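Listed below, chain by chain, are the residues.
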Amino acid sequence: MTTRRRLIAGLLATPVLAACSDTGTSSPAAGTKATFLTAYGTTPRETYAWVGLAKGFFSEVGIDLTVLPGQPSDANLKSLAAGKAQFASLDYVSAIRGRTNFADYRAIMALQNATLLSMITLTGRGIGKPADLAGRTLGAAPAAATQTLFPSYARAVGFDPGSCRFVQAPTDQLPALLASGRVDAIGGYATDTANVQNAAPGKTAVAFPYGEFIGDLYGTVIIATSGVLTSDPGLAQKFASAMARTVRFTVDQPEEAGRLVQQRLPTVKGAVVTAIDRNLKPYVGPFSLDPAKVTRGIAVLQAAGLARAGLKPDDVIDFGVTTKAGVR
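Being a predicted model, the structure only gives us computed values, none of them experimental. Position labels on residues start from 1 in each chain and follow its written sequence. In keeping with the model being predicted, local features are shown solely for residues with a pLDDT of at least 70 and side-chain atom pairs are shown and tallied solely at 80 or more, while totals for entire chains, interfaces and linings include all residues. The side-chain figures draw on all heavy atoms in the structure; neither hydrogens nor water molecules are used.

Q: I would appreciate a short explanation of the packing of aromatic side chains in the present structure.
A: The geometry of an aromatic ring pair comes down to the distance between the two centres and the angle between the two planes. Whether two aromatic rings pair depends on their centres lying within 6.5 Å, for rings of Phe, Tyr and Trp, where Trp uses its six-membered ring; planes under 30 degrees apart make the pair stacked, over 60 edge-to-face, and the rest tilted. In the structure shown here, the tally under the stated rule is 11 aromatic pairs. Considering the side-chain rings of Phe-87 and Phe-239, the 4.0 Å spacing of their centres and the 5° angle between planes classify their relative orientation as stacked. Of this pair, Phe-87 sits in strand β3 (residues 87-91) while Phe-239 sits in helix α9 (residues 233-252); the two residues are 152 residues apart in sequence, bridging distant segments of the chain. Buried residues are those whose accessible area, probed at 1.4 Å on protein chains only, stays under 20% of the maximum for their type, while exposed residues exceed 50% and partly exposed ones sit between those limits. Taking relative accessible area as the criterion, Phe-87 reaches 0% and is therefore assigned buried. Chaining the aromatic ring pairs together yields one cluster made of Phe-150, Tyr-153, Phe-159, Phe-166, Tyr-210 and Phe-213. Only Lys NZ and Arg CZ are tested; either one counts as a charge over a ring when it is within 6 Å of the ring centre and within 35 degrees of the ring normal. Over the ring of Tyr-105 we find Arg-99, and its NZ or CZ is 5.8 Å from the ring centre. Cation over ring: Lys-293 sits above Tyr-218, and NZ or CZ is 4.2 Å from the ring centre. Each helix corresponds to a stretch of at least 4 residues labelled H or I by DSSP, and each strand to a stretch of at least 2 residues labelled E; elements are numbered beginning at the N terminus.

Written as structure tokens, this is what we have:
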């Protein structure tokens, strides 16, 4: 089993995380109010925005930010369409796929330079290679990219995706679903193994990355509503700058990030956050999206039936925000 597939970290158990929000530093500064939705609830890899709040990165650029736990794909897109937030994080696959039914958003930056989508299992389940997922029961959040891209992954690996059955659950509940044996594997990011392993003490978490078979995709992207991009592009640029600074800090200072998260979200185990942020570092940067890579990625997703015909990079990406914000 390859090292890439065995991204394992963290040995302390962590409870299911509470849904939390935060509205700034302990001494809030006046600024433009904005709301941001995480892509995957309050799982440890989604806690970076709270680090940015604790460090004051958003207030320093004049943004009074509220962070709320979101859910993958259509759930976050519906919230943005309803005016509940101006910014959200989303897996790149879902951002491209979402343009079929949702129009009023664009991606403004990428948090990871490659897809981290994976199926994650535990030792003792008889799954030692990707092909062993055939015929298994799998867990995923509704419409999550790990589920929508799974047929392409399964065919690339060499088995019939129709042989598998999906059980859907909120993101924060998936590790417990796997630990209890109700599913054989769950969808997530390869770096989520630390969180999965903490839900199943004594077991080893093993990730099977989609990226080993499917290329030209980014990981998490930040999206902004078309309203913000049209009426207040400066806000989007400031947000991108603060978010880039935030994500860089979490991967460069993972121990401090874990400590800050545990202070802000007491039910989150700081050691798990630290392990995940450390594993994320090789995938962070550049934050800008490359038009040529986006074109290739759209073609990949069109072949998978996940992107509408005729979709162009400018339809889903605002290439100017990170450049104007000086984000690299």
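Q: Would you explain the pairing of strand β9 (residues 205-209) in this entry?
A: Across a regular strand the side chains alternate sides, sitting on one face of the sheet and then on the other. For β9, the buried fraction is high: 5 of the 5 residues fall into the buried class. Where burial is concerned, the two faces of β9 agree: the one with Ala-205, Ala-207 and Pro-209 and the one with Val-206 and Phe-208 are both buried. In the sheet, strand β5 (residues 117-122) pairs with β9 via 5 bridges, with the strands oriented antiparallel. Its bridge partner being in β9, Thr-121 is matched across the sheet by Val-206. If DSSP finds at least two bridges between two strands, the strands pair.

Q: What should I look at first to understand the packing of helix α1 (residues 48-55) against helix α10 (residues 254-264) in this one?
A: Geometrically, a packed helix pair is captured by the angle between its two axes and the distance between the axes. At a minimum axis separation of 9 Å, α1 and α10 run at an interaxial angle of 90°. Viewed along their axes, α1 and α10 adopt a mutual orientation that is roughly perpendicular. Listed contacts from α10 to Trp-50, Val-51, Leu-53, Ala-54 and Lys-55 of α1 are Ala-257, Leu-260, Val-261 and Arg-264. Here the axes come from fitting lines to C-alpha atoms, over the contacting stretch only for helices, and the angles between their N-to-C directions go from 0 to 180 degrees. Any angle from 65 to 115 degrees is called roughly perpendicular, while one under 35 is roughly parallel, one over 145 is roughly antiparallel, and all others are oblique. What makes two residues a contact is simply this: any of their non-hydrogen atoms within 4.5 Å.

Q: Sorry, what's going on with the packing of α9 against α10 here?
A: Relative orientation of the contacting elements α9 and α10 amounts to 110°, with a least axis distance of 5 Å. Taken together, the axis directions place α9 and α10 in an arrangement best described as roughly perpendicular. Across the interface between the two elements, Phe-249, Thr-250, Val-251 and Asp-252 of α9 pack against Pro-254, Glu-256, Ala-257 and Leu-260 of α10. A per-class count over the contact of α9 with α10 returns 5 nonpolar, 1 polar and 2 charged. Residue polarity is assigned by list, with Asp, Glu, Lys and Arg as charged and Ala, Val, Leu, Ile, Met, Phe, Trp, Tyr, Cys and Pro as nonpolar; anything else, Gly included, falls into the polar class.

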